[in-house]
Amino acid sequence: MMDKTSDGDSADDATRRLAAEPIEKLPRLSKTALKRRKKVIAQHNAELRKKAKEAGFTLGQEDGNETSYYFENGLRKVYPYHWVIVDTAKVKWVGRTLKDVLETEFEYYKQIDLDKALKEGKIHVNGAQSSLDYVLKDCDYISQQIHRHENPVTNSPIEILADNDDVLVINKPSSIPVHTCGWYRYNSLTFILEKEMGYSNIHNIYRIDRLASGVLVFGKSVEVTKRLSDQVMTRQVQKEYVCRVMGEFPCDTITVEQPLLALSNRLCLTVVDEKGKPSQTTFTRLSHNGTSSVVKCVIGSGRTHQIRVHLQYLGHPIINDTIYNSNAWGPNKGKGGIYEIPSDIVCRSILERLRPKYVENTLFEQKLKEQENKISTHKNSSKSPSQENMQSNDFAVNATAMDTPRPIKKQTGFDWTQWRVDASCDLCRKTDNPRHKDLVIFLHALKYKGPDWEYQTEMPNWAREDWHDDDQYMLEERTEETLINVERTVNQ
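Predicted model, so just to flag it, every value in this text is computed and none were measured. (Residues numbered from 1 in each chain as written. Predicted model: local features only at pLDDT ≥ 70, side-chain atom pairs only at ≥ 80, totals over all residues. Heavy atoms only, no water.)

1. Details of the sheet that holds strand S4 (residues 123-125)
Put simply, the test is: A pair of strands counts as paired when DSSP detects no fewer than two bridges linking them. Going along the chain from the N terminus, every DSSP run of H or I of four or more residues is numbered as a helix, and every run of E of two or more is numbered as a strand.
In spatial order, the strands read S3-S6-S4-S5; together these four strands make up an open sheet with antiparallel pairing. Both edges of this open sheet fall to strand S3 (81-88) and strand S5 (128-129), since each of them pairs with a single strand only.

2. Here's the deal with the packing of aromatic side chains
So the rule is basically this: Classification of ring pairs uses Phe, Tyr and Trp, with its six-membered ring standing for Trp, and accepts pairs whose centres are within 6.5 Å; under 30 degrees between planes counts as stacked, over 60 as edge-to-face, and the remaining range as tilted. Burial status follows relative accessibility: with a 1.4 Å probe on protein chains alone, a residue under 20% of its type maximum counts as buried, one over 50% as exposed, and anything between as partly exposed.
In this structure the tally under the stated criterion is 20 aromatic pairs. For the ring pair Phe 442 and Trp 462, a centre distance of 4.9 Å and an interplane angle of 20 degrees mean the geometry is stacked. Highlighted residues: Phe 442 in the loop between strand S19 (430-431) and strand S20 (443-449) and Trp 462 in the loop between strand S21 (454-456) and helix H12 (470-473), separated in sequence by 20 residues. Here Phe 442 matches Trp 462 in class, with each residue buried. Arranged with centres 5.5 Å apart and planes meeting at 90 degrees, the rings of Phe 442 and Trp 467 form a pair that is edge-to-face.

3. So, the nonpolar core
The condition is simple: As used here, the term nonpolar core means buried Ala, Val, Leu, Ile, Met, Phe, Trp, Tyr and Cys residues forming a set that is joined through side-chain atoms within 4.5 Å. Note on definitions: a residue-residue contact is assigned when non-hydrogen atoms from the two residues lie within 4.5 Å.
Judged by nonpolar contacts, the single largest core of 73 residues is most densely connected at Leu 193, Tyr 206, Val 217, Phe 218, Tyr 241 and Tyr 448. When neighbours within four sequence positions are excluded, Tyr 241 is seen to be in contact with Ile 208, Val 295, Lys 296, Cys 297, Ile 299, Ile 307, Leu 443, His 444, Ala 445, Leu 446 and Tyr 448.

4. What to know about unusual backbone geometry
Positive phi outside glycine occurs at Asn 73, with the angle close to 55 degrees. Here Asn 73 lies in the loop between strand S1 (69-72) and strand S2 (75-78). By relative accessible area, Asn 73 is classed as exposed at 65%. One non-glycine residue, Lys 333, adopts positive backbone phi at about 55 degrees. Residue position: Lys 333 is located in the loop between helix H7 (306-314) and helix H8 (343-354).

5. Quick word on the sheet that holds S1
Spatially, S1-S2-S7 is the arrangement adopted by the three strands of the open sheet, whose pairing is antiparallel. Strands with a single pairing partner mark the edges of an open sheet, and in this sheet they are S1 and strand S7 (153-154). Direction of pairing for S2 relative to S7: antiparallel, over a ladder of two bridges. Across the sheet, Arg 76 pairs through a bridge with Val 153, a residue of S7.

Read these as spatial facts, not as claims about activity.
Printed below as a string of structure tokens:
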């Protein structure tokens with residue numbers, strides 16, 4: 001028999017009403033009520049996804065064959081491809097306009113013309129076109145049709161340290177995120193491991209910074225993953241890192257126990273703050289080459305950017321750390337936990353540093369003209385444009401009819417015939433060619449040791465005692481920008 005509420009309604013009806021209300025306005029719910037609400041929202045989102053597809057927002061191929069890799073200048077790159085991002089409105093989005101959320105929560109929309117994307121029908125709310133002034137409600141379903149341009153990553157090989165029935169352990173290269181996020185999908189570690197090396201259904205035990213390298217353990221079953229994750233959570237795992245820092249680090253072993261607080265979740269910025277979470281890092285100098293020092297770091301907790309922030313606190317930041325070895329924090333770069341620049345200005349300055357440095361793509365017009373000529377030719381032939389994937393303004397055609405590349409067996413360079421541009425994509429008119437050294441940080445997970453297991457890599461090249469290439473990796477100071485920020489702050 002169906003459960004009844006005190007008002008005579010069914011439990012499902014009551015739950016639907018709860019799901020329709022913004023969660024911040026709801027009373028404290030029981031676990032059962034929260035589960036029911038979550039189930040109703042999931043059903044609601046499934047219906048909206050169906051409507052989005054009916055409106056032409058097909059998700060296309062989701063099997064990892066939408067595009068392919070190419071390799072140049074020591075980097076792994078991805079040909080741009082069409083994709084649909086789907087999101088259910090988060091609590092913090094409720095009550096805000098669509099324009100506000102897209103501009104502040106999605107870095108992608110800082111690079112394109114938002115009004116243009118909306119007019120072209122590339123942004124839907126609840127399966128239908130909306131306006132930028134639309135105020136988001138709890139459970140709203142946002143579909144965003146994009147021409148996805150992934151950031152390049154280093155083309156360093158992925159070294160297998162262990163591969164057995166329980167775990168896969170690798171030496172993670174710098175610059176590659178563990179999971180799909182933001183500007184990385186094909187160029188994520190789990191995607192590369194599956195697409196190129198055949199490792200599927202693996203589960204990460206812990207994560208390390210995207211820019212960092214070193215020991216990374218994946219579980220091959222739910223049971224093993226839970227057991228090892230519990231060991232990490234209960235601090236049964238010893239985590240040992242090495243890094244190269246500015247200046248001559250003290251000879252004595254130093255333990256830093258400064259609490260850490262998130263300054264910006266969006267940018268993953270962390271600062272020393274008495275209101276933060278307890279954190280402990282022990283540092284021991286291994287060598288000094290006259291300019292920089294190699295330091296061993298043993299962490300007793302696992303806070304975001306913990307090692308990097310504690311080194312900043314000591315006045316010995318990692319030499320190529322764009323964030324924490326930066327005068328965006330002030331002339332003393334945050335030494336001693338003293339931040340001389342207001343946090344909002346720090347965040348803006350750091351964000352500007354992290355953004356890709358785009359230049360005009362001089363080949364765009366040539367490629368677009370070639371595609372348009374092929375479309376014109378096909379109109380008078382037996383083949384349709386969709387067979388050649390040339391109708392760049394038709395998302396459904398692009399996503400489903402794209403040439404399906406096979407998993408690459410060898411690394412290939414840029415192929416003009418594989419490259420597709422979209423006439424309505426602003427990013428296609430730009431190009432970004434970072435240097436290999438801009439995508440690495442001298443921070444390496446050297447060893448992870450559990451109660452009955454241990455995995456370790458060799459020392460990275462930059463950690464050798466006879467390494468003297470500091471000048472190639474020292475960051476350029478941006479004194480003028482800092483002075484402008486300070487002056488602006490004083491005048492406010």
